[in-house]
Amino acid sequence: MNNHEMLSTGQTPISIDALERMLSNMTDAEIIDRHYNKDQKVTLLYIETLINPERLNESVIEPLNRGLHDSIYDAISSTKVSEISTMEEAEVALMRGCVILHDPSQSQWWSVLIESSLSRAIESSETETILYGPKDSFSEQLEQNITMIRRRLPLTTLKAERFTVGSTSKTPVVMMYIEGLTNPEFVDTARSKIIEIDFDLFLDSSHLAAFMEDHTHSVFPQYQQTDRPDTCAYALDIGKLTILVGNTPFALIAPITFFHLFQSPEDYINRWLVASFLRIIRYLSFFLSLILIPLYVALSTHHYQMIPMQILFVLLESRSKLPFSPFWEALLMLITLEIIKEASLRMPSKSGQTLGVIGGIVIGEATVSAGFSSTVLIVLVGISAIASFLVPNYLVTKSNTLIQFGFLVLSSFLGLLGIVLGIIGVLAHLNSLTSLKQPYFAPLAPFYWRGWMDVFIRGPLKYMKSRPEYLHPLQRWRYGRRR
Amino acid sequence: MKRNYCVSLLVLSGVFILITGCAPFVENNRIEEIAPVIFWSIDQGEEGRLSICTLVPPLVKEKKRLLTQNVHLLKEGGKLFNLIYYRELKLGQLRMLLVNEEVAKQGLNSLINTLFIDPEVSPRLYLVIIKGDFEAYIQNQLDKQPNLDYFLYRMFKHYEEKHQGEMSIVNLHTFMKNLHTPLSVPFLPVFKAGKESFTYEGTAFFRHDAMIATASGIDDQIMQLLSNDHYLRLLPIPSLSVTVGHIRSKVRIKLADSSAAVNVELYGRVEEYRGDKDILDHAEATELNDQIQTYLEKHTLELLQKMQRWKVDPLEIGRHTMTPFTKPMSDEAWLEKWQQLKFDVNYDIDIQPFVEKK
C-alpha cells in the first residue's frame, strides 16, 4: 500500500517519529537500534511486558547478530512475521505482543509475534465440578482454550473465526463452529451480532453475552457460560457454536434452551438410569426452590384448610407467638439467606467455616429462639436453598432467587392463585424467549417429539442417534454409516 | 401497543380470578390469628334449641376450655363462639361432627346441608352419633388428655383408611351419597360417651335422614362382614370359647318373589380357642366349624329380621330387583316388599385351625 492509497483510506503511513511519539511516557516500551552485517541499521520497537524476552533473543536478536542472511526478513527465525505499513497496524501489532523491526535501507517494516505466554496452569473447574470425567478447564489464555477444544475435535471443518471487540480492551473473540454441521443461520446471526458490537470494555464473556442476547430484561441466561472444554466440544458436535473470549476462562455456548441449563457433563458419564434420575431430581429441586417458601406463605396466610392436620398441628405451634406475618417472616429469612450466600462468596475461603457457623447455627438457631421466625420456615428455607444449588448453571440459581421473591409477593396477595399465575407467567416468559433467535423452550414449544430422549431424562447414549432437531443441524445422524 | 398489552394482561388476570370462583376480597385466614375448629358436638338444647360445643384452642399447647352455646341455628353457634373467644373460629379444618342420638332421631338433613353447602367445610368430615353426654366426657378429660380432639380424629382416620371391620366410620360425602341413592340406606357409627369413657357402640341406620335403630355387638359385627367392610380383623364368640380372626366374606344374594337366599362364603382362621375340643383333630375341628356356622346363620337371620322390622335395608338387597330394561322399584314399594321377604341364610365356612395338622 503506497502513501497515496493510505491517505485515501484514512490510514497514517508508518514512521519512526510517529512511533516514538506513540510510545512516549510508556516505561515498558523499548526502542533499540542494532546493526546487521556491520553496516545495516535495524530499529526494534516493542513493549517488554507483552513479549517473551527469551524468544526475542532466539528469534530476532541472535539471528541479526550472526548476520548470515542478506535481508532482515530471511534472518528472522519465526513463522509469525508479516510486513506492515500503517500506524494502525503497528499499534495493533505492538499491543498483541509483536516486535516491530524497521529496515531503513529497504524502507520496510516487519512485525514478529513473540507474545508473552503468561498464563496459569490448566486446573479443574470450580464452577462445574464433576466427580468422574475430564478434569481440565479453560484458562485466561485464548489460544490454550482453542487447543483444548481442537484436541477433542480434530477436524479441519472446525472453524475458528477471530474478532476483536471493545474500543479500549481490544478483546479477542473467537467463534468456533463445525462447518457443514452447524446451521449457517446461527453462524451468520452470531457473526453479525459480534461485528455490530460497539462498546469500550469487555473483561468477561458475560459482557459479550449481554450485547449478543435477544432479551436484555430477562432473568434467564440466553447463553450458556462454561469453563469446561468437554461441554464446548459436545455442544459443537450437536450443532451449536462456541464463542471464546480472551482473558476469561468462560466460553459462551449458543443457541441454548432452558433445558440445557439443567444438563451436566456428568449426565453422560453416569449410567443412563442414574443420570435420568438425577436430572429429574434437578428439575424437581428447581421447582421446589421456587415454590416451597411461597407455598408456606400462601397456605399459612390464606389456605389453612389445605394444610394436612398433622402439619397444621406443627405449624400452629411454631407460629403462635411470632411477631411477623408469614410474608414478612419469609422475606426476612430469604434476605438473610441471600446475605449469607453473598458473603460466603466474597469472603476469603479460610473464613468460610466461620461464616457457616454464624449463618447456619447462630442466625438459624437465634432467630427461632428470639421468636423472629418459626422452626418450620427455617427448615423450608434450608431445603429451598440446598435445592436451588442442584441446578448445574450458577446463573440460573441466581435468577431463581429473584423469581422466588416475585412468587412470594404473589402468594402473599393472592395465595395459591398467585403462585399459579406466577408459574403461568414464568412459562409464558420462557416460551417467548429466544437464544440466538432460536426458541428457548424447545423441544417442548415448539414441540419436537424426538427430543424427549435428552430433555427430562437422559436416554441411553447408543439410542441417541440423531442430533437435536430444534438445532436444525446439517448432519442429522450421529452415526457415520447412517448419514 | 404496550398499553394494549397491559390492558389485555389485566383483563386476563381478572378472567383467571373470576372463572376460578375466587373472590377478590379474601378473609383474614392467617393461621396464628385463627382457631381452626376440629369438631362440633351437637346436642339437644333447652326449649328445642341446639346445644353446640367445641374445644378451644385446637391443636395448640395452651390451656384448653370447652365452649358451649344454646342456639336455634348451627351457624349462629359459630358466630356466637367468635364473640366469646379471642381467636376467630374457622370451619375450614372441621373434621368431626358428633351428633347426639336424640338430635339424629329428629333428622340430620338441615344440619348436614348447612355444612355440605359451606365451601370451607371438606366432605371428609366424619359424622358420628353419640349416646350419652359427650360434653361431660370432654370436660372431664380436659386436663387428662389436652389433645383429645386430635386423637379422636386420628382414630377415625385410622379406621377409615384400611377397612378393618372394627368400626363403621362414615364421612359426610359417603353419608350424602347413601342418603340420595335409591334403595340405599345411610348409616353412621354410634359411640357411647360416659363421664370417663368413650366407647364404640355399633352402627346406626337411617331412614331418609332420621336415625331409626342401632345394631350393636354381634349384629354390628355381622353387618361389617356382610356389607360395610366384608372383613373382620377379629370375631370373638364367647359362647363357643373361640376367636376367629382375619375373616373375609363373599356374599351372594338370590332374590325371588317372596324370598331371598343369603349365601355367605367365609374364610378365616382360629386365633384363640379356650374350649374343650381338640381342634387339631379333624372331626372336632369340623364340629367347631359347624357350631360357628350355626351361630352365624342364627344371628344373621335375626339381624335381617330386625332390619325388616326397622324398615331399613343396609345390605342393599333391593338393588337386586333392578334389571336393565325395567323401571327401578321405588323406595316405598321395595320397603313394602322387604318386610314380607322370607330369608334363607347359608354360611359356607372355611376356618383354618391355628396349628396345621400333620
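Residues numbered from 1 in each chain as written. Chains lettered and ligands numbered in written order. Predicted model: local features only at pLDDT ≥ 70, side-chain atom pairs only at ≥ 80, totals over all residues. Heavy atoms only, no water.

*Asks:* How would you sum up the overall build of chain A? Please name residues and give values.
*Replies:* In terms of regular secondary structure, chain A is built from 16 helices and twelve strands. Seen through its C-alpha atoms, chain A measures out along the principal axes to roughly 100 × 60 × 45 Å. Burial analysis of chain A (483 residues in total) assigns 49% to the buried set. For chain A, contacts bridging at least 24 residues in sequence account for 65% of all contacts bridging at least 6. For chain A, the distance from the average site of its 40 positive side-chain charges to the average site of its 47 negative ones is 12 Å. (Helix = DSSP H or I, 4+ residues; strand = E, 2+ residues; numbered from the N terminus. Buried < 20%, exposed > 50% of the residue type's maximum accessible area, 1.4 Å probe, protein only. Contact = heavy atoms within 4.5 Å. Lys, Arg positive; Asp, Glu negative; His and termini not counted. Charge placed at Lys NZ, Arg CZ, Asp CG, Glu CD.)

*Asks:* Now, about the overall build of chain B: what can you tell me, with residues and values included?
*Replies:* For chain B, the helix and strand inventory stands at ten helices and 14 strands. Reported as C-alpha extents along the three principal axes, the dimensions of chain B are approximately 90 × 60 × 50 Å. Taken over 358 residues, chain B has a buried fraction of 49%. A separation of at least 24 residues holds for 63% of the contacts in chain B among residues at least 6 apart in sequence. With an accessible surface of roughly 18300 Å², chain B has 53% of that area assigned to carbon and sulfur atoms. (Areas by Shrake-Rupley, 256 points an atom, 1.4 Å probe, with all protein chains shown as cover.)

*Asks:* How would you sum up the pattern of salt bridges? Please name residues and give values.
*Replies:* Opposite charge on two side chains makes pairing possible when the charged atoms of those side chains draw close. Residues and elements named next belong to chain A. Under the criterion given, the structure shown has 34 salt bridges over all chains. Across the pair aspartate 136 and arginine 152 runs a salt bridge, and its minimum N-O distance is 2.8 Å. Placement of the pair is aspartate 136 in the loop between strand 5 (108-113) and helix 6 (142-152) and arginine 152 in helix 6, with a sequence separation of 16 residues. With a relative accessible area of 21%, aspartate 136 lands in the partly exposed category. Classification of arginine 152 by relative accessible area gives partly exposed; the value is 28%. Where arginine 191 meets aspartate 188, a salt bridge forms, and the shortest distance between an N and an O atom there is 3.1 Å. In this pair, arginine 191 and aspartate 188 both sit in helix 7 (residues 184-196), three residues apart, roughly one turn of the helix. Residue classification places aspartate 188 among the partly exposed positions, given a relative accessible area of 43%. Counted as one network, the salt bridges with shared partners bring together Asp267, Arg279, Arg282 and Asp454. (Salt bridge = Lys/Arg side-chain N within 4 Å of Asp/Glu carboxyl O.)

*Asks:* Give me the nonpolar core: which residues, what numbers.
*Replies:* Residue and element names in this part refer to chain B. Membership of the largest hydrophobic core comes to 83 residues, with the highest contact counts inside it found for Leu108, Ile129 and Ile292. The leading source of residues in this core is helix 9 (residues 282-310), at eight residues. In terms of domain composition, this core takes at least three residues from each of domain 1 (33-214) and domain 2 (217-314 + 333-358). Non-local contacts of leucine 108, meaning those with residues more than four positions away in its chain, are made with Val99, Ile129, Phe175, Leu188, Phe206 and Asp209. (Core = buried A, V, L, I, M, F, W, Y, C linked by side-chain atoms within 4.5 Å. Domains from an automatic or database assignment.)

*Asks:* Lay out the UniProt feature "domain: Spore germination protein N-terminal" (unreviewed entry) in chain B with the relevant residues and their values.
*Replies:* Residues annotated in UniProt with the feature "domain: Spore germination protein N-terminal" (unreviewed entry) correspond here to residues 30-192 of chain B. Between the end C-alpha atoms of residues 30-192 of chain B the distance is 36 Å, and the span holds 34% helix and 27% strand. (UniProt positions renumbered as here; feature names shortened; annotations may be inferred.)

*Asks:* Explain the environment of A:Ser412 to me, using residue names and the numbers behind them.
*Replies:* Residue and element names in this part refer to chain A. Along the polypeptide, serine 412 turns up in helix 15 (residues 394-414). Overall, serine 412 belongs to the buried group, its relative accessible area being 18%. With 110 residues separating them in the primary sequence, serine 412 and histidine 302 have C-alpha atoms 8.2 Å apart. Once you skip the residues sitting within four places of it in the chain, serine 412 turns out to touch Val297, Thr301, His302 and Phe327.

*Asks:* Quick one: what's the story with the sheet that holds strand 2 (residues 40-47) of chain A, residue by residue and with numbers?
*Replies:* Residues and elements named next belong to chain A. A sheet is described by the order of its strands in space; here five strands give the open sequence 1-2-4-5-3, paired in antiparallel fashion. Every interior strand has two partners, whereas the edge strands, strand 1 (29-36) and strand 3 (81-84), have only one. Each adjacent strand pair in this sheet contributes to an overall mean axis angle of 25°, direction not counted. Pairing analysis gives four bridges linking strand 3 to strand 5, with the strands arranged antiparallel. Residue pairing in the sheet places valine 81 in a bridge with valine 112 of strand 5. Contacting strand 1, strand 2, strand 4 (98-103) and strand 5, helix 3 (residues 53-66) runs over the sheet at an angle of about 170° to strand 2. Packing against the sheet, helix 5 (residues 87-96) makes contact with strand 2, strand 3, strand 4 and strand 5, and its axis sits at approximately 135° to strand 4. (Pairing = 2+ DSSP bridges. Axes fitted to C-alpha atoms, helices over the stretch in contact; angles between N-to-C directions.)

*Asks:* So what about the packing of helix 11 (residues 309-319) of chain A against helix 6 (residues 148-161) of chain B? Which residues, and what values?
*Replies:* How two helices pack is summed up by the angle between their axes together with the distance between the axes. Close contact between helix 11 of chain A and helix 6 of chain B brings their axes to 11 Å; oriented N to C, the two are set at 160°. When the axis of helix 11 of chain A is compared with that of helix 6 of chain B, the two are roughly antiparallel. Helix 6 of chain B is crossed by helix 11 of chain A, and the crossing has left-handed handedness. For the pair helix 11 of chain A and helix 6 of chain B, the contacting residues are A:Met309, A:Gln310 and A:Phe313 in the first and B:Tyr150, B:Tyr153, B:Arg154 and B:Lys157 in the second. Counted by class, the contact of helix 11 of chain A with helix 6 of chain B contains four nonpolar, one polar and two charged residues. (Parallel < 35°, antiparallel > 145°, perpendicular 65-115°, else oblique. Left-handed = near helix turned anticlockwise from the far one by under 90°. Nonpolar A, V, L, I, M, F, W, Y, C, P; charged D, E, K, R; others polar.)

*Asks:* Pulling in residues and values, what's your account of helix 10 (residues 272-301) of chain A?
*Replies:* For helix 10 of chain A, spanning 30 residues, the distance from its first C-alpha to its last is 43 Å, which sits close to the expected 44 Å at 1.5 Å a residue. Bending of helix 10 of chain A peaks at approximately 35° at the position of A:Ile291, with proline A:Pro294 no more than four residues after it. (Expected span 1.5 Å × (residues − 1). Bend = angle between axes of the 7 residues up to and from the residue.)

*Asks:* Before we move on, can you summarise the interface of chain B and chain A with the specific residues and values?
*Replies:* With 27 residues of chain B at the interface, the matching set in chain A holds 24 residues. Interface area for chain B against chain A, summed over the two sides, is near 2400 Å², with a carbon-plus-sulfur share of 67%. At the boundary of chain B with chain A, the tally comes to one salt bridge. Close ionic contact of B:Glu32 with A:Arg319 constitutes a salt bridge, the shortest N to O distance being 2.6 Å. Linking chain B with chain A are ten residue pairs in polar contact (both at pLDDT 80 or more). Counting residues per element, the ones that place at least two in the side of chain B that touches chain A are helix 1 (2-19), strand 1 (34-36) and helix 6 of chain B. Top element by residues in the side of chain B that touches chain A is helix 6 of chain B. It accounts for four residues. Here the residues of the side of chain B that touches chain A are counted per class, giving 14 nonpolar, five polar and eight charged. (Buried area = accessible area lost by both parts, 1.4 Å probe. Polar contact = N/O pair within 3.5 Å; in protein donor to acceptor, adjacent residues only side chain to side chain.)

*Asks:* Now, about the packing of aromatic side chains: what can you tell me, with residues and values included?
*Replies:* Centre distance and the angle of the planes are the two values used to describe a pair of aromatic rings. Residue and element names in this part refer to chain A. For the coordinates displayed, the defined rule picks out 37 aromatic pairs over all chains. Measuring from ring centre to ring centre gives 4.7 Å for phenylalanine 199 and phenylalanine 211, while their planes differ by 45°; the resulting arrangement is tilted. Taken as a pair, phenylalanine 199 in the loop between helix 7 and helix 8 (205-212) and phenylalanine 211 in helix 8 lie far apart in primary sequence, twelve residues in all. The interplanar angle of 75° and the centroid separation of 5.6 Å between the aromatic rings of phenylalanine 258 and phenylalanine 259 together place this pair among those described as edge-to-face. Of the residues examined, phenylalanine 258 reaches a relative accessible area of 6% and is grouped as buried. (Phe/Tyr/Trp six-rings, centres within 6.5 Å; stacked < 30°, edge-to-face > 60°.)

*Asks:* Could you give me a rundown of a nonpolar patch on the surface, with the residues and numbers involved?
*Replies:* Taken together, the side chains of A:Leu444, A:Phe447, A:Trp449, A:Trp452 and A:Phe456 make up a nonpolar region of the molecular surface, amounting to roughly 590 Å² of accessible area. Looking at where A:Phe447 falls in the secondary structure, it is placed in the segment after strand 12 (438-439). (Patch = residues over 30% accessible without salt bridge, like charges linked within 9 Å, V, L, I, M, F, W, Y side chains within 5 Å.)

*Asks:* So what about the UniProt feature "transmembrane region" (unreviewed entry) in chain A? Which residues, and what values?
*Replies:* Within the UniProt annotation, "transmembrane region" (unreviewed entry) is assigned to residues 241-262, 283-302, 376-395 and 407-428 of chain A. Overall, residues 283-302 of chain A shows 95% helix and 0% strand. The separation of its end C-alpha atoms is 27 Å.

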